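# A structural walkthrough
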Amino acid sequence: MSEITIKDIIKPENIVYEKTSLMTDKSLSYCPGCGHGTTHRLVMEVLEELGQENDTIGVAPVGCSVLAYEFMNIDMQEAAHGRAPAVATAIKRLWPDKIVFTYQGDGDLAAIGTAETIHACNRGEKIVIVFINNGIYGMTGGQMAPTTLPGMKTSTSPYGRDVNSMGNPLKITELIAQLPGTYYVSRQAVHTPSAVRKAKKAIKKAFQNQLDDKPGLSFVEVVSNCNSGWKMEPVASNVWMEENMFPYYELGDIKLEGNLL
Amino acid sequence: MMKQSKTNKMGELRLMKGNEAFAEAAIRAGVDGYFGYPITPQSEVIEYLMAEKPHERTGMVVLQAESEVASINMLYGGGGSGKKVMTSSSSPGISLMQEGLSYMAGGEVPCVVANVVRGGPGLGDIQPAQSDYFQSVKGGGHGDYRLPVLAPSSVQEMSDFVPIAYELAFRYRTPVLIISDGLIGQMMEKVELFDQMPRLTDEEINELYPWATNGKPKGKKRRVITSLDLDPYKLEKHNFKLQSKYKTIEAEEVRCEIIECEDADYIIIAYGSSARISQKAIQLAREEGLKVGLLRPITLWPFPKKPINELVEKGVKGILSVEMSAGQMVEDVKLAVRERTKVEHFGRYGGVIHSPEEVLEALKNQIIGD
Ligand SMILES: Cc1ncc(C[n+]2csc(CCOP(=O)(O)OP(=O)(O)O)c2C)c(N)n1
Ligand code: SF4
Ligand SMILES: [Mg+2]
């Protein structure tokens, strides 16, 4: 019996999973093990499943995902640091029948862009915000973010975040969930297959809400590792995330159909 | 290139503030969206728009943003999706918009931004000024870019320049500034309004602006609006493209008005409110037998270098640059004149408006001499 080669295995009848056509063939610029890539894929899979590739405009932030438009094979705009919710607001208001979303990091969404985030949520803009919370500024080399945990070391909190002088980590997701303008608010993760499945369900619900013209904004936070910024191996960073990030940033739905849980 | 119908006027006269005429012109020019934040002396623009319910008239969207930073980034989104978008503000608010304007210059996003200039620096005051000239014509934000700048000097022009600004914005894919001041924004004058122009349909936008990001067309390539390119050689190439666009604008789009310059020994150069005041000053001068003319730049960038050069070559004996600033435009006048004749600046500033008599006095003292 001859040996089975990879060619014998890659056959249409054997396919159980495919890369969505809404991801380009460009190789991702993310560090191996980073949650950005997985989350990109989930957003694109959801848009493909909902049949929205020709009717969606995405807004990329400034952060590690600044080049999201190189990977997401749909019409995209790259916004100034923190301003994606304002950019998305106008697109949605002017093209109300299209699907509009932003994809933002914690520095982008919860520091420099706090005003845009809160006001887009408060106006109940009918958009989706996907928020990657990795507790650090990944792109610029690991500085402290508004979401950095107490005591956590970063390049601008080299002795650990001192909450007395540097403030406490900002739970922006709980904050915007208080606003009547948000319709669906959920916090997820993408570090295990089961977490990925849950996160995809949440992202799909968010986009479905927009498709159904539900009154208000749908917001999905993804707690993610930044193994480079945290200076850990990818697997160790996921363990650290489970042990330290999840107790502070509890996973699960926070607001459903306009009602706080 | 533009499927832009020329404006029609049917003698529809109204007595309006400059700011109101500008707002009414926005509705009539078929603007799709206005995004703004209140600031004196231009809050009448958004107040007028909110009261007019343009959504019922044309479907135009009007939104009060949380800040000028948000407004300008709303314009980035809307303009980048192919819609005609607009904001207006006054000096401190326009300063806040500079990052966004730079992104739009880089990403080649069309929009129209009106600055009803007030006295500065800082919070300054709420009186008319022209001290934002440098910021308007030299770029304003970071990076190598220029924006076309139109300077109305009457309420009529506050209306007429709106469709012109959109033609420039979409022809060259660039933000266009309309620079007036508290005087023109607040004063009431008779204005003949142009007829309602239709807003473009979504199909027309897709046909005219294949670059606009409003949903990837079936079977076609996706579109991206961005100002980023991490490869310096590619970014340099993009800059070459921008620079060649600016060269074309400089060659094609200069506008100015030349008043009583045929026989003039002396020339006043002034724009906006200062041009109105200077026009009175040249009248006073001529009553005294002094042959003085006025050159009024309508585009501050591109600056009317050629018409100035022609006057210098005709042998004018001196030029007074009059501006409600400490002397900003005078630098461009000097660059055009290249020391071939005397050039001086005169102007009150910080919100103080010079009188025609003061202008004439300055002309006599600084240029004509004894
Ligand atoms: C106005 C402005 N200020 C600062 C920066 C520098 N900067 C770029 S990305 C970034 C932080 C990004 O962090 P985050 O949003 O958390 O994204 P991550 O890279 O972690 O995904 C900063 C400070 C910038 N590009 N623009
Ligand atoms: S620096 Fe951090 S956030 Fe950025 S790609 Fe690497 S792991 Fe991901
Ligand atoms: Mg981050």
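The notes below deal with the structure included here.

Definitions and limits used
Residues numbered from 1 in each chain as written. Chains lettered and ligands numbered in written order. Predicted model: local features only at pLDDT ≥ 70, side-chain atom pairs only at ≥ 80, totals over all residues. Heavy atoms only, no water. Phe/Tyr/Trp six-rings, centres within 6.5 Å; stacked < 30°, edge-to-face > 60°. Lys NZ or Arg CZ within 6 Å of the ring centre and 35° of its normal. Helix = DSSP H or I, 4+ residues; strand = E, 2+ residues; numbered from the N terminus. Buried < 20%, exposed > 50% of the residue type's maximum accessible area, 1.4 Å probe, protein only. Polar contact = N/O pair within 3.5 Å; in protein donor to acceptor, adjacent residues only side chain to side chain. Contact = heavy atoms within 4.5 Å. Salt bridge = Lys/Arg side-chain N within 4 Å of Asp/Glu carboxyl O. Near = heavy atom within 4 Å. Nonpolar A, V, L, I, M, F, W, Y, C, P; charged D, E, K, R; others polar. Donors = N, O, S within 2.8 Å, 3.2 Å for Na, K, Ca; no water. Pairing = 2+ DSSP bridges. Axes fitted to C-alpha atoms, helices over the stretch in contact; angles between N-to-C directions. Areas by Shrake-Rupley, 256 points an atom, 1.4 Å probe, with all protein chains shown as cover. Buried area = accessible area lost by both parts, 1.4 Å probe.

## Some details on the packing of aromatic side chains
Scanning the entire structure with this criterion turns up 10 aromatic pairs over all chains. A connected cluster of aromatic rings, assembled from ring pairs, spans B:Phe170, B:Tyr209 and B:Trp211. One cation-aromatic arrangement involves B:Lys83 over A:Trp95; the distance from NZ or CZ to the ring centre is 4.4 Å.

## Some remarks on the side chain of A:Thr148
All names here are of chain A. Residue position: threonine 148 is located in the loop between β6 (143–144) and α7 (163–166). By relative accessible area, which is 0% here, threonine 148 ends up buried. Here the side chain of threonine 148 touches alanine 145 through a polar contact of 2.7 Å, landing on its backbone nitrogen. The contacts of threonine 148, once residues within four sequence positions are left out, are Gly135, Ile136, Thr154, Arg161 and Pro169.

## Comments concerning the pattern of salt bridges
All told, the structure shown has 36 salt bridges over all chains when counted by the stated rule. Put simply, A:Glu45 and A:Lys200 hold a salt bridge, and the shortest N to O gap is 2.9 Å. Of this pair, A:Glu45 sits in helix α2 (residues 35–49) while A:Lys200 sits in helix α9 (residues 193–211); the two residues are 155 residues apart in sequence, bridging distant segments of the chain. For the residue pair A:Glu45 and A:Lys200, the accessibility class agrees, reading buried in each case. In this structure, a network of salt bridges that share partners links the residues B:Glu12, B:Arg14, B:Glu24, B:Arg28, B:Glu52 and B:Arg57.

## Digging into the site of ligand 2
Surveying the vicinity of ligand 2 reveals the residues A:Tyr30, A:Cys31, A:Cys34, A:His36, A:Cys64, A:Asn134, A:Gly138, A:Cys226, A:Asn227 and A:Ser228. Each residue belonging to the shell around ligand 2 can be placed in one class, and the counts come to five nonpolar, five polar and no charged.

## Some details on the coordination of the magnesium ion (ligand 3)
Residue and element names in this part refer to chain A. Looking at the metal site, the magnesium ion (ligand 3) is ligated by Asp106 (OD), Asn134 (OD1) and Ile136 (O), spaced 2.1 to 2.5 Å from it. Each donor residue of the magnesium ion (ligand 3) lies on one chain, and together they are spaced D-x27-N-x1-I. Residue asparagine 134 is classed as buried on the basis of its relative accessible area of 7%. Relative accessible area serves as the criterion here: at 2%, isoleucine 136 is assigned to the buried category.

## A closer look at the sheet that holds strand β3 (residues 99–105) of chain A
Here nine strands make up an open sheet; going across it, the order is β10(A)-β9(A)-β7(A)-β8(A)-β4(A)-β3(A)-β1(A)-β2(A)-β9(B) and the pairing mixed. The two strands at the open ends of the sheet, each matched to only one other strand, are β10 (259–260) of chain A together with β9 (224–225) of chain B. Pairing between strand β7 (residues 182–189) of chain A and strand β8 (residues 217–223) of chain A: seven bridges, direction parallel. By the bridge assignment for β8(A), A:Gln188 is matched with A:Val222. Docked against the sheet, helix α4 (residues 84–94) of chain A engages β1 (56–60), β2 (75–78), β3 and β4 (128–133) of chain A, running at close to 180 degrees with respect to β3(A).

## Quick word on the sheet that holds strand β3 (residues 61–64) of chain B
All names here are of chain B. Ordered by their spatial adjacency, seven strands build an open sheet running β3-β2-β4-β5-β7-β6-β13, and the pairing between neighbours is mixed. Strands at the two margins of the open sheet, each flanked by one partner only, are β3 and β13 (299–301). By the bridge criterion, four bridges tie strand β4 (residues 85–89) to strand β5 (residues 111–117) in an arrangement that is parallel. When the bridges of β5 are listed, serine 88 appears paired with alanine 114. Across the sheet, helix α2 (residues 44–52) is in contact with β2 (33–36), β3 and β4; its angle to β3 comes to roughly 130 degrees. Helix α6 (residues 98–107) contacts β5 and β7 (175–181) of the sheet and is inclined by roughly 140 degrees relative to β7.

## A few points about the site of ligand 1
Residues and elements named next belong to chain A. Surveying the vicinity of ligand 1 reveals 17 residues, the closest of which are His36, Cys64, Gly107, Asp108 and Gly138. One of the backbone N or O atoms of cysteine 64 is found 2.8 Å from an oxygen atom in ligand 1. Between an oxygen atom of ligand 1 and a main-chain N or O atom of glycine 138, the distance comes to 2.9 Å. With the chains in place, 77% of the 590 Å² that ligand 1 exposes on its own is no longer accessible. Elements with a minimum of two residues in the shell around ligand 1: α5 (106–112) and β5 (136–137). The dominant element in the shell around ligand 1, judged by the number of residues it contributes, is α5, at four residues. Split by residue class, the shell around ligand 1 holds six nonpolar, eight polar and three charged.

## Side note on the environment of B:Lys364
Residues and elements named next belong to chain B. Here lysine 364 shows up in helix α15 (residues 356–368). Along the sequence, lysine 364 and aspartate 265 sit 99 residues apart, while their C-alpha atoms lie 12 Å from each other. Setting aside anything within four residues of it in sequence, one finds lysine 364 in contact with Glu288, Leu290 and Gly369.

## Overview of the interface of chain A and chain B
Contacts between chain A and chain B engage 36 residues on the former and 36 residues on the latter. Both faces considered, chain A and chain B share a buried interface measuring about 2900 Å² in area, 58% of it formed by carbon and sulfur atoms. Together, A:Asp75, A:Leu94 and A:Trp95 form the three largest contributors to the area buried by chain A at its contact with chain B, with a combined 25%. In this structure, A:Arg123 and B:Glu66 form a salt bridge, with 2.8 Å as the shortest nitrogen-oxygen distance. In this structure, the connection of chain A to chain B is made through 19 residue pairs in polar contact (both at pLDDT 80 or more). Elements that contribute at least two residues to the side of chain A that touches chain B include exactly β1, α3 (68–71), β2, α4 and α6 (114–122) of chain A. In the side of chain A that touches chain B, the residues fall into 17 nonpolar, eight polar and 11 charged. Strand direction decides the pairing type here: β2(A) and β9(B), joined by two bridges, are parallel.

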